[in-house]
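Fold and geometry: a report
Okay, here's what each chain looks like letter by letter:
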Amino acid sequence: MKRYLFGSLILPRGALLLALILVLSGCTVLEPGVPDDSGYITLMTWNVHNLFDGVDNGYEYDEFLQSAGWSTEKYLGRINSMAAAIGRLTPVPDIILFQEIESHQILEDFATALSQDYAWSHFANNPNAAVGLGILSRFPLMESRTHSIAINGDVTPRPVLETRILTEGGSFVIFTCHWKSKIGGDDETEDVRKASARVILRRIRELWETEPDTGLIVAGDLNENHDEFYRRGSNIVCALLPDDPYSAILSNVKSTGQKDFIVVSGNKPPVSSHFPQGTISLFSPWVRELDNGSYFYRYNWETIDNILLSHHFFNGSGWNYERAYVANFEPFANSNGIPVPYNPKTGLGFSDHLPLLIYLKFLSSE
């Protein structure tokens, strides 16, 4: 199906814009434990590991230059194989957050290859950056904002992309993220990730001042495990902190306020047990529901790909959290459930990260 791009709206030929504005997904739900019901939204985040288009712009990594053998044909082959893998998920995700993509063209090409009426998309990156991040959606994306983040005069490698999702069941806001990696040292780079958390916390407070009933989702590759605090010896304030008495004491939040860390919780709703009232705490399915991780590094699993949800998704009405899962099966992973990175020489593999997905179910308040 041929598609045309109007700003961030990708329309199939002959489609009516009005029909796209308030239409819920009609896909069937076949995953175990999830009823065959159209009242669901499936959201996926995936770091696709350096996905470059076939055109040189001067900022590509060396192995993805045309002079190194990279081409439009290889790029489209990768797009088609990844789209085919996504298309095998049941249900196919309604909203997809991508990290490590080069351009908005990649979102357009995914929309075409998936053939699932992904009519809305946004892309964000820093000027002259090799890769950025984006969102592809069957639902309208409204009020998109790109938040660049500066720390000590330097700009973080990637911005935060804020978008509002509009559905018949109400709207909610998604922050698509790809926080600073730990290259350069875990402790040495922590302030950069905390700077990203600080921007998100500021926006959450701004939104809730005027829209206290708006649900918020923070998702993407945060380069931070949900249990980072414990992995680092419980002696450093990380950008993600567990709802734990020791982290609460170390953060000294009563005196300094919650400035640059997000509390992650397994509680439903994620009301903090150990931090002061008013502390922003978000639910993480890694805390109690998911095993292993989404990234396998030096023979250890990491949970650096995250989908964090506010308390609004646990209040028994509107869009409510149902469950989460990691796509740790073929073709995203090998027979041992470990991700297979893409090899530009052979054209095989997908990414060194596994997709993370959640289901939201619509619950009527009547």
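See the structure printed just above.
A brief structural summary. (Residues numbered from 1 in each chain as written. Predicted model: local features only at pLDDT ≥ 70, side-chain atom pairs only at ≥ 80, totals over all residues. Heavy atoms only, no water.)

For the structure on display, the rule yields 16 salt bridges. Residue arginine 193 pairs with glutamate 190 through a salt bridge whose shortest N-O separation is 2.9 Å. Here glutamate 190 and arginine 193 lie together in helix H4 (residues 190-210), a separation of 3 residues that amounts to about one turn. The two residues arginine 193 and glutamate 190 agree in class, both being buried. Between glutamate 206 and arginine 203 there is a salt bridge, with the nearest N and O atoms lying 2.7 Å from each other. (Salt bridge = Lys/Arg side-chain N within 4 Å of Asp/Glu carboxyl O. Helix = DSSP H or I, 4+ residues; strand = E, 2+ residues; numbered from the N terminus. Buried < 20%, exposed > 50% of the residue type's maximum accessible area, 1.4 Å probe, protein only.)

All right, on to the packing of helix H2 (residues 72-87) against helix H3 (residues 104-114) then. Viewed as axis vectors pointing N to C, H2 and H3 meet at an angle of 55 degrees, and their least axial separation amounts to 9 Å. Comparing their axes, H3 and H2 come out oblique. Between H2 and H3 lies a crossing of right-handed hand. Taken together, the residues of H3 that come into contact with H2 (itself represented by Tyr75, Leu76, Ile79, Asn80, Met82, Ala83, Ile86 and Gly87) are Gln105, Ile106, Asp109, Phe110, Ala113 and Leu114. (Axes fitted to C-alpha atoms, helices over the stretch in contact; angles between N-to-C directions. Parallel < 35°, antiparallel > 145°, perpendicular 65-115°, else oblique. Left-handed = near helix turned anticlockwise from the far one by under 90°. Contact = heavy atoms within 4.5 Å.)

This part covers the packing of aromatic side chains. Using the criterion set out here, one finds 20 aromatic pairs in the structure. With centroids separated by 6.4 Å and ring planes inclined at 50 degrees, the aromatic side chains of tryptophan 46 and phenylalanine 350 adopt a geometry described as tilted. Taken together, the positions of tryptophan 46 in strand E3 (residues 40-51) and phenylalanine 350 in the loop between strand E19 (318-326) and strand E20 (356-363) put the pair 304 residues apart, joining distant regions of the chain. With respect to class, tryptophan 46 is no different from phenylalanine 350; both count as buried. What links up through ring pairs into an aromatic cluster is the set Trp46, Tyr325, Phe329, Phe332, Phe350 and Tyr359. (Phe/Tyr/Trp six-rings, centres within 6.5 Å; stacked < 30°, edge-to-face > 60°.)

Function-wise, these values are silent; they only describe arrangement.
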